[in-house]
Amino acid sequence: MSRRAGLLAAIVTIGCGASFQRIPEPPGGALAVPPETALSFYQNVDAFYGRLILRRFNTLETFNDPVLRQHFRSIDLFFDYYADLAQQLADSYFEKTRPRVVQVQEFVFEDAHRVRVQIRFVGDDRRPLRIGSTSLIRLDRWERADGAWWLTPGKL
């Protein structure tokens, strides 16, 4: 592995020592991008996912957040993403569908305009007699168009 590829791997693997399943390599292989491109992308997505921490997903306050909505090309795409994430949090037994921790674990550039991002959500377990936490690992797709990165819901 070249020094540049090693540096890129260090940048895109953001996990804090916790073990996690890696994103499968895209069919054409992952694209090695300059470190400044990876860092710029990471800062953008980290701002979005950081906004999800301690937010309840079954409330209008979170649903109507204009900062969250600005990361989607259309309001319908935001609705699709929000509904899917809220349902996944509920199905994963998150107390009040509120994550305490939202962590970008890894991201892989498929090409210069498409990136897959693995996120880990951690929250209190709402099930009776389950002291502790629950978690959800999610894989999102971001696409670059018109000079901006957009979160694009849908199957990978």
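Structure: above.
Throughout, residues of each chain are indexed from 1 in the direction in which the sequence is written. Per-residue local features are limited, in this predicted model, to residues with pLDDT of at least 70; the limit for side-chain atom pairs, both in listing and counting, is 80 or more; totals at the level of whole chains, interfaces and linings are taken over all residues. Working from all heavy atoms in the structure, the side-chain values ignore hydrogens and water.

### Comments concerning the sheet that holds strand S1 (residues 101-111)
In step 1: Strand order across the open sheet formed by four strands is S1-S2-S3-S4, with antiparallel pairing between neighbours. The open sheet is flanked by S1 and strand S4 (148-151), the only strands paired with a single partner. This sheet shows a mean twist of 25 degrees between the axes of neighbouring strands, independent of strand direction.
In step 2: Paired strands, in this sense, are two strands between which DSSP finds at least two bridges. By definition, any uninterrupted DSSP run of H or I lasting at least four residues is a helix, any uninterrupted run of E lasting at least two residues is a strand, and each is numbered from the N terminus. As paired elements, strand S2 (residues 114-124) and strand S3 (residues 133-145) share eleven bridges and run antiparallel to each other. Looking at the pairing, Ile119 lines up with Arg138 of S3.
In step 3: Across the sheet, helix H2 (residues 35-50) touches S1, S2, S3 and S4, and the angle it forms with S1 is around 140 degrees. Whenever a helix is involved, its axis is fitted only over the stretch in contact; in every case the axis is a line through C-alpha atoms, and angles between N-to-C directions fall within 0 to 180 degrees. Throughout, a residue-residue contact means that at least one pair of heavy atoms, one from each residue, lies within 4.5 Å.

### Digging into the pairing of S1
In step 1: Burial analysis of S1 places eight of its eleven residues in the buried class, the great majority of the element.
In step 2: Two strands pair when backbone bridges link them, and S1 and S2 are joined in this way by nine bridges, in the antiparallel orientation. The residue of S2 that forms the bridge with Asp111 is Arg114.
In step 3: In sequence, S1 turns back onto S2 through a hairpin of two residues. Exposure classes here rest on a 1.4 Å probe applied to the protein chains alone. A residue is buried below 20% of its type maximum, exposed above 50%, and partly exposed in between.

### Details of the side chain of Thr97
In step 1: By the secondary structure assignment, Thr97 is in the loop between helix H5 (75-91) and S1.
In step 2: Residue classification places Thr97 among the buried positions, given a relative accessible area of 8%.
In step 3: Within polar-contact distance, the side chain of Thr97 engages the backbone nitrogen of Asn58 at 3.3 Å.
In step 4: Leaving out residues up to four positions away in the same chain, Thr97 has contacts with Arg55, Arg56, Phe57, Asn58, Ala86, Leu89 and Ala90. Between N or O atoms, a polar contact is any pair within 3.5 Å; within protein, one atom must be a potential hydrogen donor and the other a potential acceptor, and residues adjacent in sequence are included only when both atoms are from side chains.

### Digging into the environment of Pro153
In step 1: Here Pro153 lies in the segment after S4.
In step 2: Look at Pro153 and you get buried, because its relative accessible area is 18%.
In step 3: Put simply, Pro153 and Phe78 are 75 residues apart on the chain and 8.0 Å apart in space, counted from C-alpha to C-alpha.
In step 4: In contact with Pro153, not counting residues within four places along its chain, are Phe72, Leu77, Asp80, Tyr81 and Arg141.

### Considerations on the packing of aromatic side chains
In step 1: Working definition: rings of Phe, Tyr and Trp (its six-membered ring) pair if their centres are within 6.5 Å, and the pair is stacked with planes under 30 degrees apart, edge-to-face with planes over 60 apart, and tilted otherwise. A full pass over the atoms with the stated rule returns 20 aromatic pairs.
In step 2: Seen from their ring centres, Phe63 and Phe78 are 5.8 Å apart, and the 40 degrees between their planes marks the pair as tilted. One end of the pair, Phe63, is in helix H3 (residues 60-63); the other, Phe78, is in helix H5, with 15 residues separating them in the sequence.
In step 3: A residue is classified by how much of its surface remains accessible, and Phe63, at 23% relative accessible area, is partly exposed.
In step 4: Relative to Phe79, the ring of Phe63 lies with its centre 5.4 Å away and its plane at 15 degrees, an arrangement referred to as stacked. Within this pair, whereas Phe63 is found in helix H3, its partner Phe79 is found in helix H5, the two being separated by 16 residues in sequence.
In step 5: The ring centre of Phe63 lies 4.8 Å from the NZ or CZ of Arg69, which sits over that ring.
In step 6: Above the plane of the ring of Tyr93 lies Arg127, whose end atom (NZ or CZ) is 4.3 Å from the centre. For a Lys NZ or an Arg CZ to count as sitting over a ring, it must be within 6 Å of the ring centre and within 35 degrees of the ring normal.

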